[in-house]
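Listed below, chain by chain, are the residues.
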Amino acid sequence: MALEKDVDCPSCGETRSFYRTAAMTLHLGEKTKWRCPDCGYGYVEIDGIDTLPA
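As the structure is a computational prediction, the values presented were derived from the model and not from experiment.

## Describing the environment of Ser11
And then number 1: With respect to the secondary-structure elements, Ser11 resides in the loop between strand S1 (4–8) and strand S2 (15–26).
And then number 2: Along the chain, Ser11 and Gly42 lie 31 residues apart, while their C-alpha atoms are 9.7 Å from each other.
And then number 3: Those residues within four positions of Ser11 in sequence are excluded, and the remaining contacts are Cys39 and Tyr41.

Here it is as structure tokens:
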């Protein structure tokens, strides 16, 4: 898995390179935490489903 990915940051209002801060395998799939280095906004992704606002 990549260590960074481009995502629209809801806090910054622009596309930013989020960095992977943690990852582990759960019974639901792989849980990955991502964080924006500019503002510190973070979100969780489990098996491809994220917690970002729609």
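Past the structure itself, the notes keep going.
## Comments concerning the pairing of S1
And then number 1: Both S1 and S2 contribute to a ladder of five bridges, which runs antiparallel. For Asp6, the partnering residue across the bridge sits in S2 and is Ser17.
And then number 2: Two successive antiparallel strands, S1 and S2, enclose a turn made up of six residues, where Gly13 displays a positive phi of approximately 85°.

## Quick notes on the environment of Arg20
And then number 1: Position of Arg20 relative to the elements: it lies in strand S2.
And then number 2: A sequence separation of 16 residues divides Arg20 from Cys36, and the C-alpha atoms of the two residues are 9.2 Å apart.

About the criteria used
- Residues numbered from 1 in each chain as written.
- Predicted model: local features only at pLDDT ≥ 70, side-chain atom pairs only at ≥ 80, totals over all residues.
- Heavy atoms only, no water.
- Helix = DSSP H or I, 4+ residues; strand = E, 2+ residues; numbered from the N terminus.
- Contact = heavy atoms within 4.5 Å.
- Pairing = 2+ DSSP bridges.

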